[in-house]
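Geometric and topological summary
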Amino acid sequence: MLFFKAKPEQALVVKEILDTYARCTGQLLNPSKCSIMFNKKGAEDDQNQVKHILGVELSSFEPKYLGLPTPSGRMKKDTFQSLKERLSKRLRGYSEKHMSSGAKEVLIKSVAQALPTYIMSVFQIPLGLCDSMTSIIREFWWGTEKGKRKMAWAGWNMLIQKKSYGGMGFKDLRLFNQALLARQAWRLMEYPDSLCAHLLKARYYPRGCLVDTSFCSNASSTWQSILHGLELLKQCVIWRIGDGRKVRIWRDPWIPRELSLRVTTTKGRQRSKWVAELLDANGRQWDFNKLIAMFNPADADAIARIKIPTRASEDVLAWHFDRTGTFTVRSAYNLAMQLKHKQGEEASSSSPNGERNIWSNIWKTRVPAKVKIFAWKLSKDILPTKNNKFKRKLEADGTCDLCGLASETSFHAVVTCQQAYNLRQAMREHWELPAEHRFAPSGPDWLLVLLDGCTSEQKENTLLMLWKAWLVHNNIAHESGPTGVTDSVHALLCLKSSLQDAENHQELEFSGKGKMQIGSAQSGAQGGI
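Since the structure is predicted, the reported quantities are computational estimates derived from the model, not experimental observations.

Broken down by element type, the chain carries 23 helices and six strands. With respect to the three principal axes, the spread of C-alpha positions in the chain is 90 × 70 × 65 Å. In the chain, of all internal contacts separated by at least 6 residues, the share reaching a separation of at least 24 is 63%. Counting every atom, the chain has about 31,400 Å² of accessible surface; 51% of that belongs to carbon and sulfur. Each charge class in the chain was averaged separately, 75 positive and 52 negative side chains, and the resulting centres sit 4 Å apart.

Right under this line is the structure:
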């Protein structure tokens, strides 16, 4: 791709360069397969002369270049319509009725949400298209029946939360798009001497800095996409102090702390402008007298904690959200999630950032993925019980059909219902389970509280037993599948045995530095025979 002014003189120079390249390499250029694009304000005579000199007739680009849509004016929703069609076709290729919830989770995270990553890293996808793709993913997760969507028992805002925050860890495509574009803006700051950085700087901010410049709205779609990512980047970019000559005291973010990265002290009549003026004569430590005189106690204390390098070095921009100062898309996405959902404000006093390690009792337990997702639904009380259906006016009554003694809540269906109780007592003869008094309705987090005081083996046994109790409950309610306690006990024992065999086989394969060689495995098997 070549750039030059639409003048016959420059076209002759480009023609000479291409001819020289062809003579030196032996690779000829086919003008009939080339395209040329002119500015709309250019003179028509100059455009015709340039075409004649280069021998190029096509004046429009292909719809796609390197798998990306070719920018031509404003990037509308129709430009990315193929992305939505590919996503819909890919998910429809799988029969969600025959897939477990664990398989759906893997497919969504590894295929559906990874499919638009390449285009999202270059262009800002229209919000309507992001919502349409989210709707396709959400419909696949909850399933369909006879062409109609099934009930969504939880909002999408819950599912896109991290697993340690009580969600499923799905992506918010809007925020994921912004985080990917923030990486493009970061690369312009990390590699200012690159050809792309020089070109964009000369065009959009020739006399300014990328982080501290107001840009015009009349720009290309590619640059507007970078600005969209830059908005997120500005939230957590910080100057690391070296000699202090590039950092402005009252304007730039340079104080590392949780709240504002900028100075909160009112400037007043202070004439000091650069951070270098706050250092001593040698420039190796702070002038504490100036700090006390110029700043409020909070700012002065935060500045005094900043360590000055012992060797002479320049100020550098860093990513404050990571300890190493290196930008990552994951950290940018987590920042965007925190800014949108304000998890810090909704957090408990024991976990200021909203993260709860207690969720690891479910996600880190060694049971199949579908059992973990069932336990997550159970802890969130979003199982399709009669009580939940009654709340959504899908049932006339919420009473349990099996015992008829209580409302069919999630806790009742897997713990207090007679069928669930009988299964639990039968499994105590074979498995180690928590004491019976611990199966108590201690509140919305009763399952997390129950698992928190269990050993690893008890956690595995408890989740498998509760999962089987829910299956048996549904089999009895819908008159399908095995319903007896004896059959359920036998099925659980076989499942646990197969899981242990698979785990032992995996440990045997990876016991050394690499996989075990086939020859040694065969010789061991023959010796055993």
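Looking now at empty space enclosed by the protein. Going through the model one piece at a time under the given rule, you end up with one cavity of 30 Å³ or more. Approximately 30 Å³ is the volume attributed to the largest cavity. Lining the largest cavity, in full, are K64, G67, P69, T79, F80, S82 and I119. Among the residues making up the lining of the largest cavity, the classes are represented as three nonpolar, three polar and one charged.

Before going further, it helps to spend a moment on the nonpolar core. Soluble globular proteins tend to pack their nonpolar side chains together in the buried interior. The biggest cluster of nonpolar side chains holds 100 residues, and the ones touching the most others in it are L159, W223, V414, W446, L447 and L466. No other element matches helix α8 (residues 173-190), which puts 10 residues into this core. Apart from the residues lying within four places of it in its own chain, the contact partners of V414 are F374, L378, A420, R424, W446, L466, A469 and W470. With 20 residues, the next largest nonpolar core counts V247, I255, A300 and I303 among its residues.

On inspection of all chains with the given rule, the structure shows 12 aromatic pairs. Note on F176 and Y333: the rings are 6.3 Å apart at their centroids and 85° apart in plane angle, and the pair reads as edge-to-face. Of the two residues, F176 is situated in helix α8 and Y333 in helix α13 (residues 329-341); the sequence distance between them amounts to 157 residues. Plain terms: the ring middles of W186 and F327 are 5.9 Å apart, the flat faces sit at 25° to each other, and that makes the pair stacked. Taken together, the residues W186 in helix α8 and F327 in the loop between β6 (316-319) and α13 connect sequence positions 141 residues apart. For the pair W186 and F327, a shared accessibility class is recorded, and that class is buried.

Attention now moves to helix α12 (residues 297-304). Of all the positions in α12, only D299, A300, A302 and I303 are classed as buried. Around the axis of α12, the buried residues are gathered within 165° of arc, so they sit on the same side. Turning to α12, the residues buried within the fold contact α11 (288-294).

As a further point, take the environment of R174. Among the structural elements, R174 can be located in helix α8. Between the C-alpha atoms of R174 and L127, which are 47 residues apart in sequence, the distance is 6.8 Å. Among the polar contacts listed, one links the side chain of R174 to the side chain of D131, at a separation of 2.7 Å.

Time to look at the layout of surface pockets. In this structure, the second largest pocket spans a volume of roughly 1,300 Å³. Where the lining of the second largest pocket is concerned, the elements lending two or more residues are α4 (101-112), α6 (127-142), α16 (369-380), α17 (386-391) and α21 (456-478). Per element, the largest residue contribution to the lining of the second largest pocket is eight residues, and it comes from α21. Split by residue class, the lining of the second largest pocket holds 15 nonpolar, 10 polar and 12 charged.

Axis separation between α4 and α6 bottoms out at 10 Å; the angle between their running directions is 160°. Between α4 and α6, the angle falls in the class roughly antiparallel. Read as a crossing pair, α4 and α6 show a hand that is right-handed. Two secondary-structure elements touch here, α4 through S101, K104, E105, L107, I108 and A112 and α6 through I137, F140 and W141. Considering only residue class, the contact of α4 with α6 consists of six nonpolar, one polar and two charged.

Calculation criteria
- Residues numbered from 1 in each chain as written.
- Predicted model: local features only at pLDDT ≥ 70, side-chain atom pairs only at ≥ 80, totals over all residues.
- Heavy atoms only, no water.
- Helix = DSSP H or I, 4+ residues; strand = E, 2+ residues; numbered from the N terminus.
- Contact = heavy atoms within 4.5 Å.
- Areas by Shrake-Rupley, 256 points an atom, 1.4 Å probe, with all protein chains shown as cover.
- Lys, Arg positive; Asp, Glu negative; His and termini not counted.
- Charge placed at Lys NZ, Arg CZ, Asp CG, Glu CD.
- 1 Å grid on protein atoms, 1.4 Å probe; cavity = no way out; pocket = protein on both sides within 12 Å on 5 of 7 lines; lining within 4 Å.
- Points joined across faces, edges and corners; volume = space filled by probe spheres on them.
- Nonpolar A, V, L, I, M, F, W, Y, C, P; charged D, E, K, R; others polar.
- Core = buried A, V, L, I, M, F, W, Y, C linked by side-chain atoms within 4.5 Å.
- Buried < 20%, exposed > 50% of the residue type's maximum accessible area, 1.4 Å probe, protein only.
- Phe/Tyr/Trp six-rings, centres within 6.5 Å; stacked < 30°, edge-to-face > 60°.
- Arc of directions from axis to C-beta.
- Polar contact = N/O pair within 3.5 Å; in protein donor to acceptor, adjacent residues only side chain to side chain.
- Axes fitted to C-alpha atoms, helices over the stretch in contact; angles between N-to-C directions.
- Parallel < 35°, antiparallel > 145°, perpendicular 65-115°, else oblique.
- Left-handed = near helix turned anticlockwise from the far one by under 90°.

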